[in-house]
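Below are the chains, spelled out letter by letter.
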Amino acid sequence: MASSSASKAWSSVTDSAVLWASTTRSNGPAVWLFSSGPLDPSASERDIPPAPGVQRVMNRIGPRSHVTFGGRLEGDVKGRIARMIVNSGKGGDCRGFEQIGTWATMVARDLAVPEG
């Protein structure tokens, strides 16, 4: 079970997905964070720093890493701003599945290697 501060931090994140991975490490569960959102190729071209709210969460829970992946916003979306983006032609699918797979492989390797 996550600590109280981690639970509060978790609930404060709305635009970021969080991957929690419990391990047998002495310092508690290992945490990796990822954000999704850019609707252009920028996330596959360079590291994008976390949004301020995500950075505050990171400062509280101390994740092993954070990465931002390209996002997807298309079709029948909810919310006025999201509809405006899609209707203006600026939406799309910018997910980088190769980048996501590489990151997931790194997380799996970290989990497989015992600490110490």
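Provided above is the structure to which this section pertains.
No experiment lies behind these values; they were computed from the predicted model shown.

1. Overview of the overall build of the protein chain
Then step 1. Along the protein chain, the regular secondary structure elements total five helices and five strands.
Then step 2. Ordered by position in the sequence, the α and β elements of the protein chain form the string α-β-β-α-α-β-β-α-β-α.
Then step 3. Scored against the burial criterion, the 116 residues of the protein chain give a buried share of 28%.
Then step 4. By sequence separation, contacts in the protein chain at least 24 residues apart represent 62% of the contacts at least 6 residues apart.
Then step 5. Roughly 7,800 Å² of accessible area belongs to the protein chain as shown, and the carbon and sulfur atoms make up 54% of that amount.

2. Observations concerning the pairing of strand 2 (residues 30-36)
Then step 1. Counting buried residues along strand 2, five of its seven residues qualify, which places the element largely inside the surrounding structure.
Then step 2. As paired strands, strand 2 and strand 3 (residues 65-69) are joined by five bridges and run parallel to one another. Considered in strand 3, the bridge of Phe 34 is made with Val 67.

The rules behind these values
Residues numbered from 1 in each chain as written. Predicted model: local features only at pLDDT ≥ 70, side-chain atom pairs only at ≥ 80, totals over all residues. Heavy atoms only, no water. Helix = DSSP H or I, 4+ residues; strand = E, 2+ residues; numbered from the N terminus. Buried < 20%, exposed > 50% of the residue type's maximum accessible area, 1.4 Å probe, protein only. Contact = heavy atoms within 4.5 Å. Areas by Shrake-Rupley, 256 points an atom, 1.4 Å probe, with all protein chains shown as cover. Pairing = 2+ DSSP bridges.

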